[in-house]
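# Architecture and fold: a report
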Amino acid sequence: MTPPTAVIRHQRPEDLEALSEICLRTGHIGGDARELYRDHDLLPDLFLRPYVALEPDLVRVAEENGRVLGYIVGTADSTAFFRAFRERWLPTVADRHPPPDGPPGTPDEEMRDLLHHAERMLVPEIAALHPAHLHIDLLPGGQGRGLGRRLMEAYLAALRQRGVPGVHLGMDPRNERARAFYERMGFTLLRSPSGAGVIHLGLALDTGG
Ligand SMILES: CC(C)(COP(=O)(O)OP(=O)(O)OC[C@H]1O[C@@H](n2cnc3c(N)ncnc32)[C@H](O)[C@@H]1OP(=O)(O)O)[C@@H](O)C(=O)NCCC(=O)NCCS
């Protein structure tokens, strides 16, 4: 059971550093990615900060005794999000993370390449029926205590309020724990033409309409 001290709330500007740290510490198959990437800003600049900048009203944070333990971020409209990513987000970080000179050869280069082609993560067939997407991460100390469910329910409620018909996510199939969590939340495997290393799960939302 979650102690009553844990709260789910909207983000505040002062959360950004803690949220970035959580993104990095959960960024490799759900575990710590600090050893994998030399540049510790890469994962947050791809998977966290653009959402905070472009979709601030959808961010939800789990906090306990003044410490941020986790977050959920996302967008209601993935097509519009990746357009805004290119037009408004990428220019703010492109100098810090230049594209690799040739085919990516290291984990950092793979992420820098993805940053400059983030729309690769958009699968139009999936976004057509499930236009929203999300990323959810909790520090190890926050896991397995119902906070993931609470973050997800808060996020899904915000999507329903906006009349969004469905939500999807892309994940590393090796992350079995996350997959079990998503399935428990009602997500199912979507047929996905995307490349190796990513599977997509989706959930239709009843918006009461
Ligand atoms: C995946 C993650 C978000 C799940 O959040 P969580 O707080 O650990 O999950 P909860 O405790 O809220 O569990 C919610 C439900 O899922 C179920 N569940 C969670 N993990 C499970 C598992 N490994 N196997 C079976 N069921 C599981 C719980 O039993 C619970 O069911 P209930 O609410 O009906 O009793 C969290 O563990 C996490 O952040 N992991 C590291 C980062 C990560 O992998 N992020 C996802 C990247 S794709």
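First, a word on scope: everything that follows refers to the structure included in this document.

Looking now at the overall build of the protein chain. Within the protein chain, the regular secondary structure consists of 8 helices and 7 strands. The C-alpha atoms of the protein chain give 16 Å as radius of gyration, which agrees with the globular expectation for 209 residues (17 Å, within 12%). Taken across its 209 residues, the protein chain has 49% of its residues classed as buried. Pairs at least 24 apart in sequence give 72% of the contacts found in the protein chain among residues at least 6 apart. Side-chain charges of the protein chain comprise 24 positive and 29 negative groups, with the mean position of each set lying 5 Å from the other.

Approximately 170 Å³ is the volume attributed to the second largest pocket. Lining the second largest pocket are Ala18, Glu21, Ile22, Arg25, Arg67, Val68, Leu69, Leu139, Pro140 and Gly141. Taken together, the elements giving at least two residues each to the lining of the second largest pocket come down to helix H1 (16-25) and strand S3 (67-75). Counting residues per element, the lining of the second largest pocket draws most heavily on H1, at 4 residues. Grouping the amino acids of the lining of the second largest pocket by side-chain chemistry returns 6 nonpolar, 1 polar and 3 charged.

Applying the stated criterion across every chain yields a total of 6 aromatic pairs. Between Tyr51 and Phe81, the aromatic rings sit 4.4 Å apart at their centres with planes inclined by 15 degrees, giving stacked as the arrangement. Of this pair, Tyr51 sits in helix H3 (residues 49-54) while Phe81 sits in helix H4 (residues 78-93), placing them 30 residues apart in sequence. Accessibility expressed as a relative area gives 2% for Tyr51, which makes it buried. Between Phe82 and Phe85, the ring centres sit 6.4 Å apart and the planes meet at 35 degrees, which makes this aromatic pair tilted.

Leu43 and Met111 are the most contacted members of the largest nonpolar core, which totals 34 residues. Contributions of two or more residues to this core are made by H1, helix H2 (42-47), H3, S3, H4 and helix H5 (107-116). Setting aside residues no more than four positions away along its own chain, Leu43 makes contact with Cys23, Leu24, Gly27, Ala33, Tyr37, Leu48 and Met111.

Right, let's talk about the packing of helix H7 (residues 147-161) against helix H8 (residues 176-184) for a bit. Contact geometry for H7 and H8: axes closest at 11 Å, N-to-C directions at 50 degrees. One element, H7, and the other, H8, form an angle in the oblique class. In terms of crossing hand, the pair formed by H7 and H8 is right-handed. Contacts between H7 and H8 pair Gly148, Arg149 and Met152 from the former with Phe181, Tyr182 and Arg184 from the latter. For the contact of H7 with H8, the class distribution of residues is 3 nonpolar, 1 polar and 2 charged.

As a matter of local geometry, the ligand sits amid 21 residues, with Leu138, Gly144, Arg149, Asn175 and Arg184 nearest to it. Between an oxygen atom of the ligand and a main-chain N or O atom of Gly148, the distance comes to 2.8 Å. Summarising the interface, the protein chains cover 74% of the accessible area of the ligand, which totals 930 Å² for the free molecule. Within the residue set of the shell around the ligand, elements represented by two or more residues are strand S4 (132-138), H7 and H8. If one sorts the elements of the shell around the ligand by residue count, H8 sits on top with 6 residues.

Reading guide: rules and limits
- Residues numbered from 1 in each chain as written.
- Predicted model: local features only at pLDDT ≥ 70, side-chain atom pairs only at ≥ 80, totals over all residues.
- Heavy atoms only, no water.
- Helix = DSSP H or I, 4+ residues; strand = E, 2+ residues; numbered from the N terminus.
- Rg over C-alpha atoms; globule rule 2.2 N^0.38 Å.
- Buried < 20%, exposed > 50% of the residue type's maximum accessible area, 1.4 Å probe, protein only.
- Contact = heavy atoms within 4.5 Å.
- Lys, Arg positive; Asp, Glu negative; His and termini not counted.
- Charge placed at Lys NZ, Arg CZ, Asp CG, Glu CD.
- 1 Å grid on protein atoms, 1.4 Å probe; cavity = no way out; pocket = protein on both sides within 12 Å on 5 of 7 lines; lining within 4 Å.
- Points joined across faces, edges and corners; volume = space filled by probe spheres on them.
- Nonpolar A, V, L, I, M, F, W, Y, C, P; charged D, E, K, R; others polar.
- Phe/Tyr/Trp six-rings, centres within 6.5 Å; stacked < 30°, edge-to-face > 60°.
- Core = buried A, V, L, I, M, F, W, Y, C linked by side-chain atoms within 4.5 Å.
- Axes fitted to C-alpha atoms, helices over the stretch in contact; angles between N-to-C directions.
- Parallel < 35°, antiparallel > 145°, perpendicular 65-115°, else oblique.
- Left-handed = near helix turned anticlockwise from the far one by under 90°.
- Near = heavy atom within 4 Å.
- Polar contact = N/O pair within 3.5 Å; in protein donor to acceptor, adjacent residues only side chain to side chain.
- Areas by Shrake-Rupley, 256 points an atom, 1.4 Å probe, with all protein chains shown as cover.

By themselves, these figures tell us nothing about what the structure is for.
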